[in-house]
Amino acid sequence: MARDATRRRVLAIGAVTLPLAVAGCKGLGALGTPPKPAPGVAIVSHAITVETRLIAHYGAVLAAMPALAGTLRPLLAHHHDHLARLRARLIIPPGSRAPDLASSAASPSSSRSPRAVPGTPAAALGYLRDAENAAADAQLAHLAAAPPSLAQLLASISASEATHAMILGQVRHR
Amino acid sequence: MTARPATRRSAPARADGPAAVAALQAALAAENSAVYGYGVAGAHLAGGKRAAAVRNWVAHQNARDALTAMLAARGAQPAAAAAAYELPFSVHGSAAAVALATTLEDRVSAAYLGLVGLSDPGLRAFGARAVRTAALRAAAWRGSTLAFPGLDVPVPRQARAPTAGRGTTAQASPPGSPTPSPPG
């Protein structure tokens, strides 16, 4: 509850400061009609939050079980690719504070929020598999409302996460 | 909000009518070539891999039939399958057969991603499910995952060909059935 409120506030601050930063160049007259954020912005922000959380889950498991690095690093690398591709879709005016949308959404919630990492490698892999499946579904939550190219990116990322879950389910841990 | 529900209702589906037909045709073409390709791949596989190839071959036939019906429902003429397809590389052994199956699934996932780019929410969701299914099959063949299935499709590559093949197109012999689907 409190976490959601924090995130909402961060998003709200971004929504206010963005138009102000843009309007700064045009003088006060420009403030009359604040530009609306493009329809995909909120969806991209949501997708970035999903990826950031997933990366935090991987970080927690890797910190607790470095022996899983060989299995997890290639999957984690894909999530960094997802994050980079999503962030590239947000055009942030220089000087604005908005680019930290994702990391600020991540730091208060994700670094503290993930449930404790299970104590065995098998359980930790199951924990990540569940997180991947949840993310795969979450990335499709706003599919219908997204602009076409964003919808395609989200569907591709979702499919990638479904394959991660499959691979994690097949890992033989010694 | 309440102003013109009647015109709004039909707008999204109509808006991408020709685009939807084109995307469905592209998906159908990918399914047709997958049906043919799995026939080639299955002939070079044994055991569990052959069983997987047969399962996927049947699944692609079902998907082909579903797309054919969707196109017919839109009043479009479903594109017929070709009698033979040029393979991305020659297939003479199980490694190449697995590489071919992987490539087929990569291409199918890319084709369905075209449906996700339409405005019709039903076709988007249908496409997204199909992209996921194909990506799962591709990952199972590949033994690893891609960051952007359907979007960044790897160049088809045969897994280390021992000698340069003579023929480019292998004979089709779908597992469990003698010939690929004839045109028309």
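Note that the coordinates shown come from a computational prediction; the quantities given were computed from them, not determined experimentally.

Undergrad: Quick question: what am I supposed to make of the overall build of chain A here?
TA: Broken down by element type, chain A carries 6 helices and 0 strands. Counting from the amino terminus, chain A carries its helices and strands in the arrangement α-α-α-α-α-α. For chain A, with 174 residues in total, the buried portion stands at 34%. Here the contacts in chain A between residues at least 6 apart in sequence split such that 77% fall between residues at least 24 apart.

Undergrad: Explanation requested: the overall build of chain B in the structure shown.
TA: Tallying secondary structure elements over chain B gives 5 helices and 0 strands in all. Listing the helices and strands of chain B from first to last along the sequence gives α-α-α-α-α. Classification of the 184 residues of chain B by burial places 43% in the buried group.

Undergrad: Before we go on, may I ask you to explain the interface of chain A and chain B in this structure?
TA: Across the boundary between the two partners, chain A contributes 23 residues, which contact 22 residues of chain B. Taken together, the elements giving at least two residues each to the side of chain A that touches chain B come down to α3 (69–87) and α6 (148–170) of chain A. Ranked by residues supplied to the side of chain A that touches chain B, first place goes to α6(A) with 15 residues. Across the side of chain A that touches chain B, the residue classes tally to 13 nonpolar, 9 polar and 1 charged.

Undergrad: I tried to follow the packing of helix α2 (residues 17–43) of chain B against helix α4 (residues 94–116) of chain B on my own but got confused; where do I start?
TA: For any two helices packed against each other, one specifies the crossing angle of their axes together with the interaxial distance. All names here are of chain B. Contact geometry of α2 with α4 gives a least axis separation of 8 Å together with a crossing angle of 170 degrees. On the basis of the axis angle, α2 is roughly antiparallel to α4. The residues of α4 that touch α2, namely those facing Ala23, Ala26, Ala27, Ala30, Glu31, Ser33, Ala34, Gly37, Tyr38, Val40 and Ala41, are Ala97, Leu100, Ala101, Leu104, Arg107, Val108, Ala111, Tyr112, Gly114 and Leu115.

Undergrad: Whenever I open this one, α6(A) confuses me. Can you help?
TA: Since the α-helix advances by 3.6 residues per turn, residues separated by three or four positions end up pointing in the same direction. Look at α6(A): 34 Å from first C-alpha to last across 23 residues, which is about the 33 Å you get at 1.5 Å a residue. Most of α6(A) is tucked away, with 18 of its 23 residues classed as buried.

Undergrad: How should I be thinking about the confidence of the model for chain A in this particular structure?
TA: When pLDDT is low, close inspection of the predicted coordinates is not appropriate. All names here are of chain A. Counting all residues, the mean pLDDT for chain A is 79, and 65% of those residues have values of 70 or more. The low-confidence segment residues 1–25, where pLDDT is below 50, has 28 contacts with residues more than four positions distant or belonging to other chains. Under a pLDDT of 50 for its full length, residues 97–112 has, in the predicted model, 31 contacts with residues more than four places off or in other chains.

Undergrad: Can you walk me through helix α3 (residues 47–73) of chain B in this structure?
TA: Residues and elements named next belong to chain B. The end-to-end C-alpha distance of α3, which contains 27 residues, comes to 39 Å, matching closely the 39 Å that a straight helix rising 1.5 Å per residue would cover. What α3 keeps buried is the set Ala53, Asn56, Trp57, His60, Ala63, Arg64 and Leu67. Where α3 is buried, its residues meet α2, α4 and α5 (121–142). Downstream of α3 by one or two residues, Gly75 has phi in the positive range, about 80 degrees.

Undergrad: Just checking my understanding: could you explain the confidence of the model for chain B for this structure?
TA: All names here are of chain B. Residues with a pLDDT of 70 or more make up 78% of chain B, whose mean pLDDT is 83. Between residues 1–13, whose pLDDT stays under 50, and residues either more than four places distant or in other chains, the model counts 3 contacts. Taken together, the stretch residues 161–184 has pLDDT below 50 and engages in 44 contacts with residues farther than four places along the chain or on a different chain. Taken over the whole predicted complex, pTM reads 0.77, whereas the ipTM for its chain interfaces reads 0.80.

Undergrad: Help me out: how do you make sense of the packing of α2(B) against α3(B) in this one?
TA: All names here are of chain B. Where α2 meets α3, the closest approach of the two axes is 9 Å, and the angle between their N-to-C directions is 155 degrees. Here α2 lies roughly antiparallel to α3, going by the angle between them. Relative to α3, the crossing made by α2 is left-handed. When the residues that make up the contact of α2 with α3 are grouped by side-chain class, the tally is 15 nonpolar, 8 polar and 3 charged.

Calculation criteria
- Residues numbered from 1 in each chain as written.
- Chains lettered and ligands numbered in written order.
- Predicted model: local features only at pLDDT ≥ 70, side-chain atom pairs only at ≥ 80, totals over all residues.
- Helix = DSSP H or I, 4+ residues; strand = E, 2+ residues; numbered from the N terminus.
- Buried ≥ 20, exposed ≤ 12 C-beta atoms within 10 Å, placed from the backbone.
- Contact = placed C-beta atoms within 7 Å.
- Nonpolar A, V, L, I, M, F, W, Y, C, P; charged D, E, K, R; others polar.
- Axes fitted to C-alpha atoms, helices over the stretch in contact; angles between N-to-C directions.
- Parallel < 35°, antiparallel > 145°, perpendicular 65-115°, else oblique.
- Expected span 1.5 Å × (residues − 1).
- pLDDT = per-residue confidence, 0-100.
- Left-handed = near helix turned anticlockwise from the far one by under 90°.

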